[in-house]
Amino acid sequence: MSKGQFVYFFGGGKADGNGEMKELLGGKGAGLAEMVRLGIPVPAGFTVTTEVCTYFYANKRKLPKGVEEDIKKNLAKVEKIMGSRFGDPENPLLVSVRSGARKSMPGMMETVLNVGICSKTIPGLLKKTGNPRFVYDAYRRLIMMYSDVVMEKAAGIEVEEGSGIRTQLDRMMTEVKDNKGYKSDTELTVEDLKQLCENFKKKVKEVIGKEFPDDAWEQLMGGIKAVFLSWNGKRAIAYRRIEGIPDDWGTAVNVQAMVFGNMGETSATGVAFTRNPATGENKFYGEWLINAQGEDVVAGIRTPNPLNNETKNEQNKHLKSLEEAMPNVYKQLCDIRTKLEKHFKDMQDIEFTIQEGRLWMLQCRVGKRTGTAALNMAMDMLKERLIKKEDVVMRLTANQIDELLHPLVDPKVEATIKPLAKGLPAGPGGASGHIVFTAEDAVKWFKQGKQTILVREETNPEDVEGMRAAQGILTARGGMTSHAALVARGWGKCCIVGCGTLTIDVPNKTLVVDGKKFKEGDILTLNGTKGYVYVGQLPMIDAKENPRFAQFMKIANSIRKMGVRANADTPDDARNALAFGAEGIGLFRTEHMFY
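Computed from a prediction, not measured in an experiment: that's the story for all the values here.

Enquirer: Quick rundown of the overall build of the protein? Include the residues and the values.
Expert: Helices and strands together make up the secondary structure of the protein, namely 22 helices and 28 strands. Within the protein, buried positions represent 54% of all 595 residues. Put simply, of all contacts in the protein between residues at least 6 apart along the chain, 65% involve residues at least 24 apart. Carbon and sulfur atoms make up 51% of the accessible area of the protein, which totals about 26900 Å². If you average the places of the 84 positive and of the 75 negative side-chain charges in the protein, the two averages end up 3 Å apart.

The structure is reproduced here in structure tokens:
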């Protein structure tokens, strides 16, 4: 590896790196550095580079000499800016440890929040915050994440589905909520959380055979190594193979001072897109949760609130928007949205936290979008003079152009049939298939040549291969920023999320909707553009000619350097080729004409 810097600092208006350094700092690290340079409020932190990850794998999973010292030096800078010290018993700093590859891989690698909570720092946190419920809620989250990410997955412990440590701890928490009649995690009392933390630690020792680490530095280094190890985790490898991401790129690790969205009613967390990632509409689109941490939004555990009034939908229209609940914070967020789009000249996917009324930005990166959204954004940004026509052509990938020609549910037939259920339209087009309830079954049926609809309470990153194999995805929970929505959108796959009327029984492979029971293998049709679910297989039609697509093709034609001739064997092929601007037939097979 090069003899350059291992660790790059950002915070307090200064950053060692910038937005052009994605290869070294990963997308997240480069974005954080650039936001700091733009004067946007970002909690201080540092990025351990992708070169360290490459070295780690080339040298028996050991870090290069000097990295720990560099981490300590940069941690001291973070402490100075944030006014607290990591592992300090009086005034402790907590940090997050997150992955950040140069190309976005949503949910495929690991994150650990609240690193630094231990018996030494808990008294200081209680004194500092005066909020024991927050302290023990943050501690139970750390135990859940750390035992899963660092102690189980990074240690290479293979478990059967449903028996991992995170699932077992989730089950314990659900049991407490059920016994006490609670509907939400936020109803758990201080005593409930305190007892859960103790029970969690006992369960970790019982299942994994090791004590949960009670030392802040051990937690930090364990988290950093676990993120590097997650680069070669099963789901990350599967996603890279699907997306064509090279194995030798590696991931960076971002260590950042924690800010807390779970400190009460004036705190919140959210995910937003500077434009609608499903349609491309130029509206600020996102979701947020009061008294929550970031994982709560993307995991789909609670129904998130809408960002503003103009993007409310059937599922969340009864919930307060951020615009209504915290108008000053919302205005500040809108100003940041404008600044980011003007600077990056592209739609941004952002994460934010509000701690006791103060807004902090945690991420900005180029947002994943459907083919329709990519087309509409590119054409709108040309009109807005944000980009040039040469940029327009580069904004759509070959897969997105292919997606624009995907089938839709026949609107004439659809108009005569009542939907079985309605959810949020997270991925475009139409899809029909046999329902399956696990990612493994989706892959198995796909290998048998059958089309499937993967039905889940909510998807998680382990489902990635099944999501790819399925024709469409349907979830009972989650919003437009949930894992299922993000991944499906990136692939242009038909997807409906947050369909709350579904009751799913995975062990018995059954689905109940509005009193009607469906079993594995029954056929459903999804309209991912509208969010409607239908019984049986509805007919599909080719996507109607889109005037914007025709404009796009004219722009492409005006700047191309080479001639284009078609491979066509039939009159229909020739007509289609002509419609898309081909100059003639370059190849035809006479044997096909004789069939």
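There is more to say, and it comes next.
Enquirer: Which residues make up the confidence of the model for the protein, and what are the values?
Expert: Residues with a pLDDT of 70 or more make up 97% of the protein, whose mean pLDDT is 90. Highest mean pLDDT in the protein belongs to strand β3 (residues 45–48) (98); lowest belongs to helix α10 (residues 294–299) (69).

Enquirer: Lay out the packing of helix α6 (residues 165–180) against helix α7 (residues 190–208) in plain terms, naming residues and giving numbers.
Expert: The relative placement of two packed helices comes down to the angle between their axes together with the axis-to-axis distance. The contact between α6 and α7 brings their axes to 10 Å, and the two run at 145°. The element α6 and its partner α7 pack so that their crossing is right-handed. Between α6 and α7, the contacting residues are I165, Q168, L169, M172, M173, V176 and K180 on the first element and D192, L196, N199, F200, K203, V204, V207 and I208 on the second. Looking at the contact of α6 with α7 residue by residue, the classes come out as 10 nonpolar, 2 polar and 3 charged.

Enquirer: Quick rundown of the pattern of salt bridges? Include the residues and the values.
Expert: The full count for this structure, using the stated rule, is 36 salt bridges. Here E324 makes a salt bridge to K312, at a shortest N to O gap of 3.3 Å. Of the two residues, E324 is situated in helix α11 (residues 322–325) and K312 in the loop between β11 (305–306) and α11; the sequence distance between them amounts to 12 residues. With a relative accessible area of 27%, K312 lands in the partly exposed category. Its salt-bridge partner being E414, residue K530 comes within 3.8 Å of it at the nearest N-O pair.

Enquirer: I'd love a proper account of the environment of I336, names of residues and values included.
Expert: Here I336 is to be found in helix α12 (residues 327–344). Through-space distance from the C-alpha of I336 to that of T274 is 9.6 Å; in sequence the pair is 62 residues apart. Among all residues touching I336, those that are not within four sequence positions of it are I40, P41, L359 and M361.

Enquirer: If you had to explain the nonpolar core to someone new, which residues and values would you point to?
Expert: I71, L220, I224 and F228 are the most contacted members of the largest nonpolar core, which has 91 residues in total. Among the elements that take part in this core, helix α5 (residues 132–153) stands out by supplying 13 residues, more than any other. Excluding residues within four positions of it along the chain, I224 makes contact with I71, V97, V253 and V255. If you look at the next biggest cluster of nonpolar residues, it comprises 26 residues, including W288, L340, M361 and C364.

Enquirer: I'd like a rundown of the packing of helix α2 (residues 50–58) against helix α8 (residues 216–230), residues and numbers included.
Expert: Running from amino to carboxyl end, α2 crosses α8 at an angle of 80°, the nearest separation of the two axes being 10 Å. Between α2 and α8, the interaxial angle falls into the category roughly perpendicular. Every residue of α8 that contacts α2 at V52, C53, F56 and Y57 is listed here: K225, F228, L229 and S230.

Enquirer: Outline the pairing of strand β12 (residues 348–355), supporting the account with residue identities and numerical values.
Expert: Taken across its 8 residues, β12 has 7 buried, putting it largely inside the fold. Pairing between β12 and strand β13 (residues 358–366): 8 bridges, direction antiparallel. Across the sheet, the residue bridging to Q355 is R358, located in β13. Taking the residues that link successive antiparallel strands as the turn, the β12-β13 hairpin has 2 residues, and the phi of E356 there is positive, at about 50°.

Enquirer: Explain the sheet that holds β11 to me, using residue names and the numbers behind them.
Expert: Where strands meet in a sheet, backbone hydrogen bonds hold them as pairs that are either parallel or antiparallel. An order of β11-β10-β9-β12-β13 is seen for the 5 strands of this open sheet, with the pairing classed as antiparallel. The sheet is open, and its two borders are formed by β11 and β13, each paired with just one other strand. Against the sheet, α12 engages β12 and β13, with an angle of about 30° to β13.

Enquirer: Mind laying out the environment of K388, listing which residues take part and the relevant values?
Expert: Among the structural elements, K388 can be located in the loop between α13 (371–383) and α14 (389–394). Along the primary structure K388 and A378 are separated by 10 residues, whereas in three dimensions their C-alpha atoms are 9.4 Å apart.

Enquirer: Residue-level account of the side chain of N376, with values.
Expert: Structurally, N376 is set in helix α13. Within polar-contact distance, the side chain of N376 engages the side chain of R548 at 3.3 Å. Apart from residues lying up to four places away in sequence, N376 is in contact with T279, G280 and R548.

Enquirer: Report on the environment of D402, specifying residues and quantitative values.
Expert: With respect to the helices, strands and loops of the structure, D402 is situated in helix α15 (residues 398–403). Residues D402 and G371, 31 residues apart in the sequence, show an inter-C-alpha distance of 8.1 Å.

Enquirer: Provide a residue-level description of the side chain of S96, including the pertinent values.
Expert: You can see S96 is positioned in strand β6 (residues 95–101). Look past the residues within four positions of S96 in its chain and what remains in contact with it is V112, L113, N254, V255, Q256 and M258.

Thresholds applied
Residues numbered from 1 in each chain as written. Predicted model: local features only at pLDDT ≥ 70, side-chain atom pairs only at ≥ 80, totals over all residues. Heavy atoms only, no water. Helix = DSSP H or I, 4+ residues; strand = E, 2+ residues; numbered from the N terminus. Buried < 20%, exposed > 50% of the residue type's maximum accessible area, 1.4 Å probe, protein only. Contact = heavy atoms within 4.5 Å. Areas by Shrake-Rupley, 256 points an atom, 1.4 Å probe, with all protein chains shown as cover. Lys, Arg positive; Asp, Glu negative; His and termini not counted. Charge placed at Lys NZ, Arg CZ, Asp CG, Glu CD. pLDDT = per-residue confidence, 0-100. Axes fitted to C-alpha atoms, helices over the stretch in contact; angles between N-to-C directions. Left-handed = near helix turned anticlockwise from the far one by under 90°. Nonpolar A, V, L, I, M, F, W, Y, C, P; charged D, E, K, R; others polar. Salt bridge = Lys/Arg side-chain N within 4 Å of Asp/Glu carboxyl O. Core = buried A, V, L, I, M, F, W, Y, C linked by side-chain atoms within 4.5 Å. Parallel < 35°, antiparallel > 145°, perpendicular 65-115°, else oblique. Pairing = 2+ DSSP bridges. Polar contact = N/O pair within 3.5 Å; in protein donor to acceptor, adjacent residues only side chain to side chain.

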